Amino acid sequence: MPHSRRLLTYAIAVAAAATAGFVFPAGATAAAPRTAASDFNGDGYADLAVGVPDGTVAGRAKAGYVNIVWGGSKGVGAHGSIRVTQATAEVPGSPEAGDRFGAAVTLTDLNGDGIAELLAGVPGEDVTDRGADAGMVIAVGGSTDGPGPGSSVLTGPAPSAAYGRSVAAADLTGGDNGGNKTIVIGGTDKVVARVIQGEDSMITTVVAAPMGGRAPVLATGDFDSDGTADLALAYWTAGRPNTQSHVRLFRWDAERSEMANFWNTDNAGVSALAAGDFDGDGHDDLALGECREIADENIDDPCGPERLAKGGGIHVHYGSPADGSFGSRTQTLNQDTSGVAGVAEDGDRFGAALAVTDVNRDGRDDLIAGAPGEAIGSEAGAGAAWLLRGGARGLLDAGGAATSTAWDQDTDRVPGVAEAGDAFGAAVAAGDYNGDGAPDVTVGSPGENASLGAVWLLPRGAAAGSAAFSPRSLGLPDLSTAHKYGKPLYSS
């Protein structure tokens, strides 16, 4: 049954009009900016948001929650966590079966106080006057005292709109105003943006097209090298009514007050996108994860050589100076590439999850890639993850070889045992969780322990000192249900 959300004195009314005021969730009193962009409690350490849309809340299956796992001097997982749900005080709505709160998560500083806010997608939310599964995205304020007030960013306009399947946020409009943010929301066959410029706000459609029932894939980066972030968007469908697939880049057009498409690669179906400067030239590059050619429309090899798509390929378009030539230089790799551990096999899903960080702090970003379908020995779908090093030419050297490190649960000094269906590598993230100045890697394994799920911490991107945490070790409730903890993950 549709239900009404609690009215909050500080909340916005999301109207059908193109513009409406937006009030950022209140956080802690303004503090000095911190280096950890995902610091939700204001202690200076990066935190990790774990979306648990399959989690049971108040006896309601798949109502969903978000677990914010605190960073600290011992790293993430050793300092406790909090659970944010629609039963949390001042968070809009109430937990209901199938809401899937936490289906998409992002930590971002919306109000410029140096403390991150949580953006959580709720694609199964039933909304009064809009119908079942209209969906919504909720913003929850960060604070030194725990979760602050929350408010609705946007609700879906109709039944099954499923707003909140994916979410991203960045300053896509430019300017010196710290309140400039754009929150991008993916739903059913649609991507929209809530553009916030100071006290003004507007809603604009980025793209509306068949997306095959999948969540659109979102990432942000400065792909045109103009100093302002852009949006990368990927989606694909088959036979509805025809097969199509796209990876598109959008920039803000101030004159028309809309997101304008400026670059495309067609026929490339991907599961993940990630932006980073892998060759250290000062220009953002775009990695396409688990890239495969969906349709042949006389566009040759949109994911690079076809042989490198086996088992999942990673295809990189490199940035360049602001001369309109983004993406003309490319590289492609899979598990048959020299320097990448393993052997490419159908179903590995290499690149199904991606994250970017500079683990060795050499000024060139590294790429973290998950392959949740990887077999470890005879254990099908046990999963694995790789750290692919950036270099002078990007992820591959002049001879076409990569430099990488691979992990799975049978790797020496990594806790656990690789078992069929663990799906280790289904999600990956990175952040400096212990404040030592070097980023750490986290890897989700939602199939662990009969799909209760768990997350692994790899300090400084290494097996030494690695640890795992789970709903059980964090003292979360409803341990008899399949949480599928560990997908999605977000940190920065």
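Whatever comes next refers back to the structure up there.
Residues numbered from 1 in each chain as written. Predicted model: local features only at pLDDT ≥ 70, side-chain atom pairs only at ≥ 80, totals over all residues. Heavy atoms only, no water.

### Concerning the sheet that holds strand S8 (residues 166-170)
Then, number 1: The strand order across the open sheet built from four strands is S8-S9-S10-S11, with neighbouring strands paired in antiparallel fashion. Edge strands, defined here as strands with exactly one partner in the open sheet, are S8 and strand S11 (200-208). For this sheet, the mean angle separating the axes of adjacent strands, direction not counted, is 15°.
Then, number 2: The sheet contact formed by strand S10 (residues 190-197) and S11 spans eight bridges and is antiparallel. (Pairing = 2+ DSSP bridges. Helix = DSSP H or I, 4+ residues; strand = E, 2+ residues; numbered from the N terminus. Axes fitted to C-alpha atoms, helices over the stretch in contact; angles between N-to-C directions.)

### Observations regarding a negative patch on the surface
Then, number 1: Together, Glu293, Asp300, Asp301 and Glu306 make up a region of like negative charge exposed at the surface.
Then, number 2: Its location among the elements puts Asp301 in the loop between strand S18 (285-293) and strand S19 (313-318). (Patch = residues over 30% accessible without salt bridge, like charges linked within 9 Å, V, L, I, M, F, W, Y side chains within 5 Å. Areas by Shrake-Rupley, 256 points an atom, 1.4 Å probe, with all protein chains shown as cover. Salt bridge = Lys/Arg side-chain N within 4 Å of Asp/Glu carboxyl O. Lys, Arg positive; Asp, Glu negative; His and termini not counted. Charge placed at Lys NZ, Arg CZ, Asp CG, Glu CD.)

### Points about the sheet that holds strand S3 (residues 81-84)
Then, number 1: Taken in spatial order, the four strands of this open sheet run S3-S2-S1-S29, and their pairing is antiparallel. For this open sheet the edge positions go to S3 and strand S29 (489-490), each flanked by a neighbour on one side alone.

### Some remarks on unusual backbone geometry
Then, number 1: Geometrically, the link from Lys487 to Pro488 is a cis peptide bond, its omega value of 5° lying close to zero.
Then, number 2: Mapping Pro488 onto the fold places it in the loop between strand S28 (467-469) and S29.
Then, number 3: Here Ala423, not a glycine, exhibits a phi torsion of approximately 55°, which is positive.
Then, number 4: Positionally, Ala423 belongs in the loop between strand S24 (404-407) and strand S25 (427-431).
Then, number 5: Located in the positive-phi region is Ser451, a residue other than glycine, with phi close to 70°.
Then, number 6: Tracing the sequence through the fold places Ser451 in helix H1 (residues 448-451).

### Topic: the state of the cysteines
Then, number 1: In this structure the tally under the stated criterion is one disulfide.
Then, number 2: What pairs with Cys291 in a disulfide is Cys303, and their sulfur atoms sit 2.0 Å apart. Looking along the S-S bond of the Cys291-Cys303 disulfide, the torsion reads about -65°, which is the left-handed sense. Pair noted here: Cys291 is in strand S18 and Cys303 is in the loop between S18 and S19, with a separation of 12 residues, a long-range link. (Disulfide = S-S within 2.5 Å.)

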